[in-house]
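One-letter residues, chain by chain:
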Amino acid sequence: ILNVEQSPQSLHVQEGDSTNFTCSFPSSNFYALHWYRWETAKSPEALFVMTLNGDEKKKGRISATLNTKEGYSYLYIKGSQPEDSATYLCAFTGYNNNDMRFGAGTRLTVKP
Amino acid sequence: DVKVTQSSRYLVKRTGEKVFLECVQDMDHENMFWYRQDPGLGLRLIYFSYDVKMKEKGDIPEGYSVSREKKERFSLILESASTNQTSMYLCASSARGDGELFFGEGSRLTVL
């Protein structure tokens, strides 16, 4: 079983704070790394998919980086807003696999 | 608007009952997946399917079976429900080679 680890498990920040969290994954046999955002009572939605070492992706105030050689990805949120409150999941796909393995997620709460 | 639809949002069943969780997608995706989500454990893969009538075990297939008779439909079956199968069940689909998962809204199953 491939281990995908996320830290921290939960995070509470004030509105306006910038924050970041980490996803670590096996560095061998890498194919893609995905970030999903899961709001309460909704379906998880894809934020980013990254495949190349050094990839940086950005969507509004949220960005992500990828280091496949050392097996980690960072997700950054600049100027957090209450609507950013959600669980952020990362998921790893290996080169020979069609399935996707998830970390346990980081639960972000942004206080107004 | 593309969708993955799960048949029931909330179910309550008794120990020993047979339970069917249905999932339908309208995106003509080849791949379909069943995950369960438990606090602190993230999404764990139960079964997945690459194509009609094909199925592969995920990390935790024990106590479950699946059926994929049509491309758009992937059913999860609990032959004899047990209390440790109380969980949130998420269905997802993806196109071959793309990897991005599209999720249903989840089915929260309680087994008494």
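Just above, that's the structure.
What you see is a predicted model, and the numbers here were worked out from it, not measured in a lab.

Caption draft 1: Expanded view of the overall build of chain A. Helix and strand counts for chain A stand at zero helices and eleven strands. Taking 112 residues into account, the globule formula puts the C-alpha radius of gyration at 13 Å, and chain A, at 13 Å, falls close to it. Split into buried and exposed, the 112 residues of chain A put 48% on the buried side. Accessible surface, chain A: about 5,500 Å² in total, of which carbon and sulfur atoms supply 45%. Computed over 11 positive and 11 negative side-chain charges, the separation of the two mean positions in chain A equals 2 Å.

Caption draft 2: Structural view of the interface of chain A and chain B. The partner chain B presents 20 residues to the 18 residues of chain A that form the contact. Buried surface at the junction of chain A and chain B, both sides included, amounts to about 1,600 Å², of which 59% is carbon and sulfur. Inspection of the region where chain A meets chain B yields one salt bridge. Of the charged contacts, one joins A:Arg101 and B:Asp59 as a salt bridge, the two residues approaching to 2.4 Å between their closest N and O atoms. Along the contact surface separating chain A from chain B lie five residue pairs in polar contact (both at pLDDT 80 or more). Contributions of two or more residues to the side of chain A that touches chain B are made by strand E4 (30–38) and strand E10 (101–102) of chain A. Looking at the side of chain A that touches chain B, the element that brings in the most residues is E4(A), giving four residues. Considered class by class, the residues forming the side of chain A that touches chain B number eleven nonpolar, five polar and two charged.

Caption draft 3: Spatial organisation of the pairing of strand E9 (residues 86–94) of chain A. Residue and element names in this part refer to chain A. Counting buried residues along E9, nine of its nine residues qualify, which places the element largely inside the surrounding structure. Burial along E9 is two-sided: Ala 86, Tyr 88, Cys 90, Phe 92 and Gly 94 and Thr 87, Leu 89, Ala 91 and Thr 93, pointing in opposite directions, are all buried. Sheet topology places E4 next to E9; eight bridges connect them, and they run antiparallel. Its bridge partner being in E9, His 34 is matched across the sheet by Ala 91. In this sheet, strand E11 (residues 106–111) lies alongside E9 in antiparallel orientation, the contact comprising three bridges. Pairing of Ala 86 across the sheet is with Leu 108, part of E11. As judged from the two bridges shared by E9 and E10, these two strands associate in the antiparallel manner. Bridge pairing links Phe 92 to Arg 101 in E10.

Caption draft 4: Focus on the sheet that holds strand E1 (residues 5–7) of chain A. Residue and element names in this part refer to chain A. A sheet is described by the order of its strands in space; here five strands give the open sequence E1-E3-E8-E7-E6, paired in antiparallel fashion. Either end of the sheet is taken by a strand with one partner, and the two such strands are E1 and strand E6 (56–59). Averaged over all pairs of adjacent strands, the angle between their axes in this sheet comes to 15°, without regard to strand direction. Where E6 and strand E7 (residues 62–67) come together, four bridges link them in antiparallel fashion. Across the sheet, residue Lys 59 finds its bridge partner in E7, namely Ile 62.

Caption draft 5: Representation of the environment of A:Gly103 within the structure. With respect to the helices and strands, the residue A:Gly103 is situated in the loop between E10 and E11. Spatially, the C-alpha atom of A:Gly103 lies 8.4 Å from that of A:Phe92, the residues being eleven residues apart in sequence. Setting aside residues up to four positions removed in sequence, A:Gly103 forms contacts with A:Val4, A:Gln6, A:Leu89, A:Cys90, B:Gly42 and B:Leu43.

Caption draft 6: Spotlight on the packing of aromatic side chains. In this structure the tally under the stated criterion is 16 aromatic pairs over all chains. Taking 5.2 Å as the distance between ring centres and 90° as the angle between the ring planes, the aromatic pair formed by A:Phe102 and B:Tyr35 counts as edge-to-face. Here B:Tyr35 lies in strand E5 (residues 31–38) and A:Phe102 lies in strand E10, a pairing that spans two chains. Note on B:Tyr35 and B:Phe103: the rings are 6.3 Å apart at their centroids and 45° apart in plane angle, and the pair reads as tilted.

Calculation notes
- Residues numbered from 1 in each chain as written.
- Chains lettered and ligands numbered in written order.
- Predicted model: local features only at pLDDT ≥ 70, side-chain atom pairs only at ≥ 80, totals over all residues.
- Heavy atoms only, no water.
- Helix = DSSP H or I, 4+ residues; strand = E, 2+ residues; numbered from the N terminus.
- Rg over C-alpha atoms; globule rule 2.2 N^0.38 Å.
- Buried < 20%, exposed > 50% of the residue type's maximum accessible area, 1.4 Å probe, protein only.
- Areas by Shrake-Rupley, 256 points an atom, 1.4 Å probe, with all protein chains shown as cover.
- Lys, Arg positive; Asp, Glu negative; His and termini not counted.
- Charge placed at Lys NZ, Arg CZ, Asp CG, Glu CD.
- Contact = heavy atoms within 4.5 Å.
- Buried area = accessible area lost by both parts, 1.4 Å probe.
- Salt bridge = Lys/Arg side-chain N within 4 Å of Asp/Glu carboxyl O.
- Polar contact = N/O pair within 3.5 Å; in protein donor to acceptor, adjacent residues only side chain to side chain.
- Nonpolar A, V, L, I, M, F, W, Y, C, P; charged D, E, K, R; others polar.
- Pairing = 2+ DSSP bridges.
- Axes fitted to C-alpha atoms, helices over the stretch in contact; angles between N-to-C directions.
- Phe/Tyr/Trp six-rings, centres within 6.5 Å; stacked < 30°, edge-to-face > 60°.

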